[in-house]
Amino acid sequence: MLTEQKEQFIRFMMDADVLRFGDFVTKSGRNTPYFVNTGNYRTGAQAAGLGRFYAGMVHDSGCRFDAMFGPAYKGIPLVTACAGALYTQYGEDKPYFFNRKEAKDHGEGGCLVGYQPKDGDHVIIIEDVITAGTAVRETIPVLRSAADVSCSDMFISVNRCEVGQHPGKTAVMEVQEEFGITVHSLVTVRDIRKWLGKHGEYDALLPKMDRYMQKYCI
């Protein structure tokens, strides 16, 4: 169902030039008529708004956790904004951390910045999108090499609803089966398609979206 909150978030992404339409190639190598680039958020107002959307999603999920992890690089500003909004909106002061792409070989060293996870911690992941699940498979070893942590929930902007590595299963389904992680998203590709269908200026784009979804989405 395309709720008012989902419509607000789609418009928010478009106003920030984060949700774009054209000809793109995803991380999984698929040609796509739309792309979500959270690296285009670049103002304080956008960061604050993004944090509110994510914090609301995390809070409404009822998920209990000890810390939040944002995978480098896109997840770093996302987890930071979410942590700030969780505190200002809901009074929940949760620690957060993220990783470096390359381990630091001086000073305190290591590949993690911020909170240092401990054995027994329950960690949630804050990310941008899931297409084929590649980023999740890169993230879990980082967490498990740091401490004996558990991770059962992941929060993203857009669920592209695309088939993963196995026919008949989306990347989100595979992440659930492989790692036991439930993925929460602010919107899905179907929400975006419904939103486009409500606005006549995007009529020419609809056949491209439909062909792409028919080929890759479940």
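Residues numbered from 1 in each chain as written. Predicted model: local features only at pLDDT ≥ 70, side-chain atom pairs only at ≥ 80, totals over all residues. Heavy atoms only, no water.

### Overview of the side chain of Thr 170
Rules: Each helix is a run of DSSP H or I of at least 4 residues and each strand a run of E of at least 2, with the numbering of both proceeding from the N terminus. Using a 1.4 Å probe on the protein chains alone, a residue whose accessible area is under 20% of its type maximum counts as buried, one over 50% counts as exposed, and one in between counts as partly exposed. Distance and chemistry together define a polar contact, namely a pair of N or O atoms within 3.5 Å, with one atom able to donate a hydrogen and the other to accept it when in protein, and with adjacent residues in sequence counting only for side-chain atoms on both sides. In what follows, a contact means two residues having at least one pair of non-hydrogen atoms within 4.5 Å.
As for its placement among the helices and strands, Thr 170 is situated in the loop between strand 8 (150-159) and helix 5 (171-179). When its relative accessible area of 7% is taken as the criterion, Thr 170 is described as buried. Polar contacts involving the side chain of Thr 170 include one to the main-chain amide nitrogen of Met 173, which spans 3.0 Å. Excluding residues that lie within four positions of it along the chain, Thr 170 makes contacts with Cys 161, Glu 162, Val 163, Gly 164 and Ile 218.

### Details of the packing of helix 6 (residues 189-197) against helix 7 (residues 206-216)
What counts, and what does not: Here an angle of 0 to 180 degrees is reported between the N-to-C directions of two axes, which are lines fitted to C-alpha atoms, with helices fitted over the stretch in contact. Every angle not falling under 35 degrees, over 145, or within 65 to 115 is termed oblique; those three ranges are roughly parallel, roughly antiparallel and roughly perpendicular. A crossing counts as left-handed when the near helix is turned anticlockwise from the far one by less than a right angle, and as right-handed when that turn is clockwise. Residue polarity is assigned by list, with Asp, Glu, Lys and Arg as charged and Ala, Val, Leu, Ile, Met, Phe, Trp, Tyr, Cys and Pro as nonpolar; anything else, Gly included, falls into the polar class.
Relative to each other, helix 6 and helix 7 sit at 160 degrees, their axes nearing to 11 Å. Looking at the two axes, helix 6 sits roughly antiparallel to helix 7. For the pair helix 6 and helix 7, the crossing hand works out as left-handed. Residues Val 189, Arg 190, Ile 192, Arg 193, Leu 196 and Gly 197 of helix 6 form the contact with helix 7, whose own contacting residues are Leu 206, Met 209, Asp 210 and Met 213. In terms of residue class, the contact of helix 6 with helix 7 is made up of six nonpolar, one polar and three charged.

### Some remarks on the environment of His 59
With respect to the secondary-structure elements, His 59 resides in helix 2 (residues 44-61). Each C-alpha atom, one on His 59 and one on His 184, is 12 Å from the other, the two residues being 125 residues apart in sequence. Ignoring anything within four residues of it in the chain, the contact list for His 59 reads Tyr 90 and Glu 92.

### With respect to the nonpolar core
Note the cut-off: Working definition of a nonpolar core: buried Ala, Val, Leu, Ile, Met, Phe, Trp, Tyr and Cys residues. They are joined through side-chain atoms within 4.5 Å.
Core analysis: the biggest nonpolar cluster contains 47 residues, and Phe 9, Met 13, Met 68 and Ile 126 have the highest contact counts within it. Those residues in contact with Met 13 that sit more than four places away from it in its chain are Val 18, Leu 19, Val 36, Tyr 41, Val 158 and Val 187. Counting residues in each nonpolar core, the second largest holds 23 residues, with Ile 140, Val 149, Cys 151 and Ala 171 among its members.

### Some points on the pattern of salt bridges
Any two side chains of opposite charge can pair, given that their charged atoms come close. Worth spelling out the cut-off: Any carboxyl oxygen of Asp or Glu within 4 Å of a side-chain nitrogen of Lys or Arg constitutes a salt bridge here.
One pass over the structure, following the stated rule, counts 10 salt bridges. Between Lys 198 and Glu 7 there is a salt bridge; the shortest N-O distance is 2.8 Å. One end of the pair, Lys 198, is in the loop between helix 6 and helix 7; the other, Glu 7, is in helix 1 (residues 4-15), and 191 residues separate them in sequence. Judged by its relative accessible area of 52%, Lys 198 falls in the exposed class. Residue classification places Glu 7 among the partly exposed residues on the basis of a relative accessible area of 22%. Close ionic contact of Arg 30 with Glu 162 constitutes a salt bridge, the shortest N to O distance being 2.7 Å. Remark: Glu 162 occurs in the loop between strand 8 and helix 5 and Arg 30 occurs in the loop between strand 1 (19-25) and strand 2 (31-36); sequence separation between them is 132 residues. There is no split in this pair, since Arg 30 and Glu 162 are both buried. Through salt bridges with shared partners, a single network forms among Arg 30, Arg 160 and Glu 162.

### Examining helix 2
What counts is decided by this rule: Each helix should span, by expectation, one fewer than its residue count multiplied by 1.5 Å.
With 18 residues, helix 2 extends 26 Å from end C-alpha to end C-alpha; this agrees with the ideal 26 Å at 1.5 Å per step. Those residues of helix 2 lying buried are Gln 46, Gly 49, Leu 50, Gly 51, Phe 53, Tyr 54, Ala 55, Gly 56, Met 57 and Val 58. Those residues of helix 2 that are buried are in contact with helix 1, helix 3 (75-90), strand 6 (122-126), strand 8 and strand 9 (182-188). A positive phi of about 75 degrees marks Gly 62, the residue just after helix 2.

### Comments concerning the packing of helix 1 against helix 6
Closest axis-to-axis distance for the helix 1/helix 6 pair is 10 Å, and the angle between their directions is 85 degrees. One element, helix 1, and the other, helix 6, form an angle in the roughly perpendicular class. Only Asp 191, Ile 192 and Trp 195 of helix 6 make contact with helix 1, whose side of the interface consists of Lys 6, Glu 7, Ile 10, Arg 11 and Met 14. Taken together, the residues of the contact of helix 1 with helix 6 break down into four nonpolar, no polar and four charged.

### With respect to the side chain of Asn 40
Here Asn 40 is to be found in the loop between strand 2 and helix 2. Here Asp 17 takes part through its backbone oxygen, which lies 2.7 Å from a polar atom of the side chain of Asn 40. Setting aside residues no more than four positions away along its own chain, Asn 40 makes contact with Ala 16, Asp 17, Val 18, Arg 20 and Gln 46.

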